[in-house]
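Analysis of the macromolecular model
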Amino acid sequence: MAETPRLVATDIDGTLLGDERRLSARTAAVLKRIAAAGIPVVLVTGRPIRWLQLVYDQLAAPLPAVCANGAVVYDPDTDQVLRADPLAPELLAEVARRLRAAVPEVSFAVEIVDSREMRHEAHYPLRWDADHEAIRAVESPEELASVPAVKLLARAGTQDPDAFVQVVAGALEGLAEATHSSYSGLVEISAAGVTKAAGLAWYAARVGVAQADVLAFGDMPNDVPMLTWAGRGVAVANAHPAVLEIADEVTGANTADGVAEYLEKVFGVG
C-alpha cells in the first residue's frame, strides 16, 4: 500500500459506531476532513439501504455505501443504486429448499427492491424493522422466492452463529455465499461471489483506486473478505477472533473511536 491510502472503506456496526449505534463527534469530524481532502470514503455494510439514514443523520454529509454485504452499491446524493447483484428467484427457491431440509426449524426473510424493502415468513423474528412500512409478512413460501433478493436471512432459534453458518454453508455447497455479522444466530446469504470485497472492488475501480491503495476497517466475519482484499485491513480491538486473525493491524475498539484514532495517525488529521 502507498504511504497514504487513496480510499477508506469501513464497516458500520461494531466498527464505526459505538454504544447505542451512535457515531462520535470525533469520528464524524475525521471522516469529514478526509472526504474534504478528496479521499473517497465508503461505508461497506451488511445493512440494507433503508437503515443507512440512521447513520447519515450523524454525518456531515452522506457517504456512498456498499450495502447488503456487497450486493448493492448506493449513491446517496442521487438516491440511486449503481449496481445490484441479487439472488434470482430460482436460486432463492433452491437455497430455501436445501436449508429447510438441513435445518427443519429454519425461518427466512428476504431483502428486496435493492434492500429498500423486506419480506419475511410469519414466524421470522423481527428486530429493528418490526413497524416499518416497507416490511411485511409473506403468505406462502412461494411468495418469499417470487422476486430477486439481494440477501436471504436465515434464523433457527438460538444458535451459535459460527456453528450455524457452517451448517448453512455446508448445505449450500457453493451455491451461494453464507456469512454472519452478529452474535444472535443470524446467517446472511448472498449470490455466489457476492461479498463485501467484491462490492468494494467494483466501487474502487469505478473511482479509479487500485486495490493496494485501499484501507479497510471491520469487526465481524462478513468483513473478512474485504479486509483480506484491501491493501491494508484493520480490525477494531473488539473484533471477532476470525477478523483479528487475518487483519494486518488492530486499532482501538469501536467504543474508543478506534477507526478515528487510526485515521488521525495515517492522514495527520484530528
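Above this note sits the structure.
Residues numbered from 1 in each chain as written. Predicted model: local features only at pLDDT ≥ 70, side-chain atom pairs only at ≥ 80, totals over all residues. Heavy atoms only, no water.

Section: the overall build of the protein
The condition that has to hold: The numbering of helices and of strands both runs from the N terminus, where a helix is a DSSP run of H or I of at least 4 residues and a strand a run of E of at least 2. With C-alpha atoms as the basis for the radius of gyration, the globule rule is written as 2.2 Å multiplied by the number of residues raised to the power 0.38. For every residue, the accessible area (1.4 Å probe, protein chains only) is compared with the maximum for its type, and the residue is labelled buried under 20%, exposed over 50%, or partly exposed between those bounds. Should any heavy atoms of two residues lie within 4.5 Å, those residues are considered in contact. Accessible areas in this description were obtained via Shrake-Rupley with a 1.4 Å probe; residue shielding takes into account the shown protein chains only.
Summing up its helical and strand segments, the protein has nine helices and 14 strands in all. In terms of overall size, the protein behaves like a compact globule, its C-alpha atoms giving a radius of gyration of 18 Å where 270 residues would be expected to give roughly 18 Å. Considered along the principal axes of its C-alpha atoms, the protein spans approximately 55 × 40 × 35 Å. Counting the 270 residues in the protein, one finds 53% classified as buried. For the protein, the share of sequence-separated contacts (at least 6 apart) that also reach a separation of at least 24 residues comes to 57%. Of the roughly 11,200 Å² that the protein leaves accessible, carbon and sulfur atoms contribute 50%.

What about the pattern of salt bridges?
Stated precisely, the cut-off is as follows: Here, a salt bridge means any Lys or Arg side-chain nitrogen found within 4 Å of an Asp or Glu carboxyl oxygen.
Throughout the structure, instances matching the rule amount to 14 salt bridges. Measuring nitrogen to oxygen at the nearest pair gives 2.7 Å for the salt bridge that ties E117 to R119. Classification of E117 by relative accessible area gives partly exposed; the value is 25%. In this structure, E261 engages K265 in a salt bridge whose closest nitrogen and oxygen atoms are separated by 3.7 Å. With E261 and K265 both in helix α9 (residues 258-267), this residue pair falls four residues apart, about one helical turn. Judged by relative accessible area, K265 falls into the exposed class, the value being 65%. One salt-bridge network, in which partners are shared between bridges, spans D11, K196 and D223.

Considering the side chain of D223
Counted only if it meets this: Here a polar contact is taken to be a pair of N or O atoms separated by no more than 3.5 Å, where protein atoms must pair a possible hydrogen donor with a possible acceptor and residues adjacent in sequence count only if both atoms sit in side chains.
Mapping D223 onto the fold places it in the loop between β12 (214-218) and α7 (224-229). With a relative accessible area of 0%, D223 lands in the buried category. Separated by 2.5 Å, the side chains of D223 and K196 make a polar contact. With residues up to four places along the chain from it excluded, the contact list for D223 reads D11, K196 and G218.

Scope: geometric values only; no functional claims are made or implied.
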